[in-house]
Amino acid sequence: MEKKRLQEYAARVSQSNRSELVVVIYEVILKSIEEGKALLEADKVEEARAETARARGMITELMSSLDMQYTISHYLRQLYIYAYHEICHAIAERKPELFDHASDIFNSLLPSFEEVAKQDTSEPVMQNTQQIFAGLTYGKGSLHETIGVGLSPKRGFEA
């Protein structure tokens, strides 16, 4: 995955609450599967294996964070296990179409988690992080996108 995209995901993680973290993890999994499939189709097996290792790691994280006292967690765990196995089989058997099975699972679950994240008003999981602001600046004949990191009163020094 591109360094810029990884930085974007890291910035989103630093500002996310628990529900939003799940959405970010789903998006990372889907992107890793997509890139792994493209690499496998291009017969770049080692690169595909490395890319899908990220997806497998994220799926493992999702499984370990399930609260098994709820019935739905048992169903989600089974889906995650199936997706994990399909990714492994796709690489082992050199069958890119098997990635689609895992993608279908996460693509079908993602809208539900996005809706939950919209309704979740809890604080970000990471505390004492810098706020990130984005905007456009313009000058004569030019337009620039800027991303600034604002300092909170609890961080840094005041001149």
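Coordinates for the structure precede this section.
Residues numbered from 1 in each chain as written. Predicted model: local features only at pLDDT ≥ 70, side-chain atom pairs only at ≥ 80, totals over all residues. Heavy atoms only, no water.

Asks: Any details on the overall build of the chain? Residues and values, ideally.
Replies: Within the chain, the secondary structure is distributed over 5 helices and 2 strands. Along the chain, helices and strands appear, N-terminal first, in the series α-α-α-α-α-β-β. In the chain, which comprises 159 residues, the share counted as buried stands at 31%. Accessible surface for the chain amounts to roughly 10600 Å². Of this, 54% is attributable to carbon and sulfur atoms. (Helix = DSSP H or I, 4+ residues; strand = E, 2+ residues; numbered from the N terminus. Buried < 20%, exposed > 50% of the residue type's maximum accessible area, 1.4 Å probe, protein only. Areas by Shrake-Rupley, 256 points an atom, 1.4 Å probe, with all protein chains shown as cover.)

Asks: Requested: an account of the pattern of salt bridges, with residues and values cited.
Replies: Enumeration according to the criterion identifies 6 salt bridges in this entry. Ionic pairing is found between lysine 31 and glutamate 34, a salt bridge with its closest N-O pair at 3.3 Å. Taken together, the positions of lysine 31 and glutamate 34, both in helix 2 (residues 18-41) and 3 residues apart, correspond to about one turn of that helix. Between glutamate 35 and lysine 31 there is a salt bridge, and its shortest N-O distance comes to 4.0 Å. Remark: lysine 31 and glutamate 35 occur in helix 2; sequence separation between them is 4 residues, near one turn of the helix. Grouping residues by exposure puts glutamate 35 and lysine 31 together as buried. Among the charged side chains, a network of salt bridges with common partners joins Lys31, Glu34 and Glu35. (Salt bridge = Lys/Arg side-chain N within 4 Å of Asp/Glu carboxyl O.)

Asks: Quick one: what's the story with the packing of helix 2 against helix 3 (residues 45-64), residue by residue and with numbers?
Replies: The geometry of helix 2 relative to helix 3 is characterised by a closest axis approach of 8 Å and an angle of 160 degrees between their N-to-C directions. As judged from the angle between their axes, helix 2 and helix 3 are roughly antiparallel. The way helix 2 lies across helix 3 gives a crossing that is left-handed. Every residue of helix 3 that contacts helix 2 at Val22, Ile25, Tyr26, Val28, Ile29, Ser32, Ile33, Glu35, Gly36, Leu39 and Leu40 is listed here: Val45, Glu47, Ala48, Glu51, Thr52, Arg54, Ala55, Met58, Ile59 and Leu62. Split by residue class, the contact of helix 2 with helix 3 holds 14 nonpolar, 3 polar and 4 charged. (Axes fitted to C-alpha atoms, helices over the stretch in contact; angles between N-to-C directions. Parallel < 35°, antiparallel > 145°, perpendicular 65-115°, else oblique. Left-handed = near helix turned anticlockwise from the far one by under 90°. Contact = heavy atoms within 4.5 Å. Nonpolar A, V, L, I, M, F, W, Y, C, P; charged D, E, K, R; others polar.)

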